[in-house]
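If you want the building blocks of each chain, they are given just below.
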Amino acid sequence: PDDREYVYAEMARILALGDQYEIQYRMKRKDGSYIWVHDMGRRTIAADGRDAIISVLMDISQQMSTKCRLEHEAATDPLTGIYNRKGGQEHIQKAMKSACSYSFFMLDLDHFKQVNDLYGHQEGDRVLCLVADQLTNLFPDRAVVCRLGGDEFAVFVPDCESVSSIEQKLQTLLDSYQAMMNRGWPLAGSTLSVGGVYGRKHRTYLELYQLADEVLYEVKNSRKGAFKLCILE
């Protein structure tokens, strides 16, 4: 039932071009579970003269499960469990299409190399995982949180309440990171720098990335351990 409207629309589109079709969708079983099917059919005329369709349905649940798992792995950072650069870009582009307003910002862990050098790479990995946890806990479910690579992260928040609400969360994030480092890795002297933008006009991921990167660069070259959020026209 969840796919019924899609199936009707897709079959109408395909059959408008010819008498045969192929389509994949979910079917609900009597026990409430779902299977994926590959439906191959053609239009014909029944014995009583009415329009009819003859089709063959094949259960492709296992194939779809494997496909979904591989797609998830390809879009996910194996260390932190959040989106990787590729997955983040895809979901940000999708979220942008329906967002009335948004905030996009990039984060960089200052002097992160000192964590690895002084405490070991295992501890460095632990810090990265904790930062990912802080981001996913601080921002709403609809936010797209990703690890761009190394010690760089990015967050896209659609339909933001206000600039001030985002700024408050960014300050909370900076304070939490500083407290965490003071407790666990004080000798590293690592801080968190954030640069981002707030806007309403739809933009491509590349545009957002370039704009936020410029702001982050400004923060890191003026005073690390701070944030700046620019309002776009």
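I will try to describe carefully the structure that is included in this document. Because the structure is a prediction, the values reported are computed rather than measured.

### So, the pattern of salt bridges
Here is step 1 of the chain: Per the counting criterion, the structure on display carries 13 salt bridges.
Here is step 2 of the chain: Notably, a salt bridge pairs R13 with E10, separated by 2.6 Å at the nearest N-O pair. Here the residue R13 and the residue E10 both occupy positions in helix α1 (residues 4-15), the gap between them amounting to three residues, near one helical turn.
Here is step 3 of the chain: Judged by its relative accessible area of 48%, R13 is partly exposed.
Here is step 4 of the chain: Given the relative accessible area of 18%, E10 is considered buried.
Here is step 5 of the chain: In this structure, the salt-bridge partner of R69 is E73, at a minimum N-O distance of 3.3 Å. Here E73 and R69 lie together in helix α2 (residues 61-75), a separation of four residues that amounts to about one turn.
Here is step 6 of the chain: Sharing partners across several salt bridges, the network here consists of D108, D110 and K220.

What counts, and at which threshold
Residues numbered from 1 in each chain as written. Predicted model: local features only at pLDDT ≥ 70, side-chain atom pairs only at ≥ 80, totals over all residues. Heavy atoms only, no water. Salt bridge = Lys/Arg side-chain N within 4 Å of Asp/Glu carboxyl O. Helix = DSSP H or I, 4+ residues; strand = E, 2+ residues; numbered from the N terminus. Buried < 20%, exposed > 50% of the residue type's maximum accessible area, 1.4 Å probe, protein only.

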